[in-house]
Amino acid sequence: GTVYPTEEEAILSQKRLIFEYSKNQLRPQNMGGKYAQNLELWSAPGDSEMDVVQNKVTLVRITGSSRDLRDGFNVKDVGYNPEIYVGDERG
């Protein structure tokens, strides 16, 4: 693209993919079915999973859609690396 993507733009550009992966692959028992309509997307700093659980970092709610991306944004400039669970983890 012609602009550097912001963190929020990168997340917004992948929002549908993130939700679909969450509902169908990551945790369908918690995020699919009747829960799917009310999903929210929040951002945290990289590698901060334990800090998030302990309320040591501030989460940022991501709102909007790909329609809110700036002119010059190109989804090829960002990627999505989902967390993969192996086995029957429950949460």
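Structure first, text after, so check above.
Residues numbered from 1 in each chain as written. Predicted model: local features only at pLDDT ≥ 70, side-chain atom pairs only at ≥ 80, totals over all residues. Heavy atoms only, no water.

A.B. asks: Which residues make up the overall build of the protein chain, and what values go with them?
C.D. replies: When helices and strands are counted, the protein chain shows four helices and two strands. Helices (α) and strands (β) of the protein chain occur, in sequence order from the N terminus, as α-α-α-β-α-β. Counting only C-alpha atoms and orienting by the principal axes, one finds that the protein chain spans roughly 45 × 30 × 25 Å. For the protein chain, buried positions account for 22% of its 91 residues. Taking the contacts inside the protein chain whose residues are at least 6 apart along the sequence as the reference set, 66% of them involve residues at least 24 apart. (Helix = DSSP H or I, 4+ residues; strand = E, 2+ residues; numbered from the N terminus. Buried < 20%, exposed > 50% of the residue type's maximum accessible area, 1.4 Å probe, protein only. Contact = heavy atoms within 4.5 Å.)

A.B. asks: Run through the packing of aromatic side chains, naming residues and quoting values.
C.D. replies: One pass over the full model with this rule turns up one aromatic pair. Between Y21 and Y80 the ring centres are 6.2 Å apart and the planes differ by 80°, which places this aromatic pair in the edge-to-face class. Note that Y21 is positioned in helix α2 (residues 15-26) and Y80 in the segment after β2 (60-62), a separation of 59 residues in sequence. Residue classification places Y21 among the buried residues on the basis of a relative accessible area of 16%. (Phe/Tyr/Trp six-rings, centres within 6.5 Å; stacked < 30°, edge-to-face > 60°.)

A.B. asks: Before we move on, could you go through the environment of F19 and cite the residues and values that matter?
C.D. replies: Within the secondary structure, F19 sits in helix α2. Take F19: its relative accessible area is 17%, and that puts it in the buried class. Separated by 20 residues in sequence, F19 and L39 have C-alpha atoms that sit 7.6 Å apart. Look past the residues within four positions of F19 in its chain and what remains in contact with it is L39, E40 and L41.

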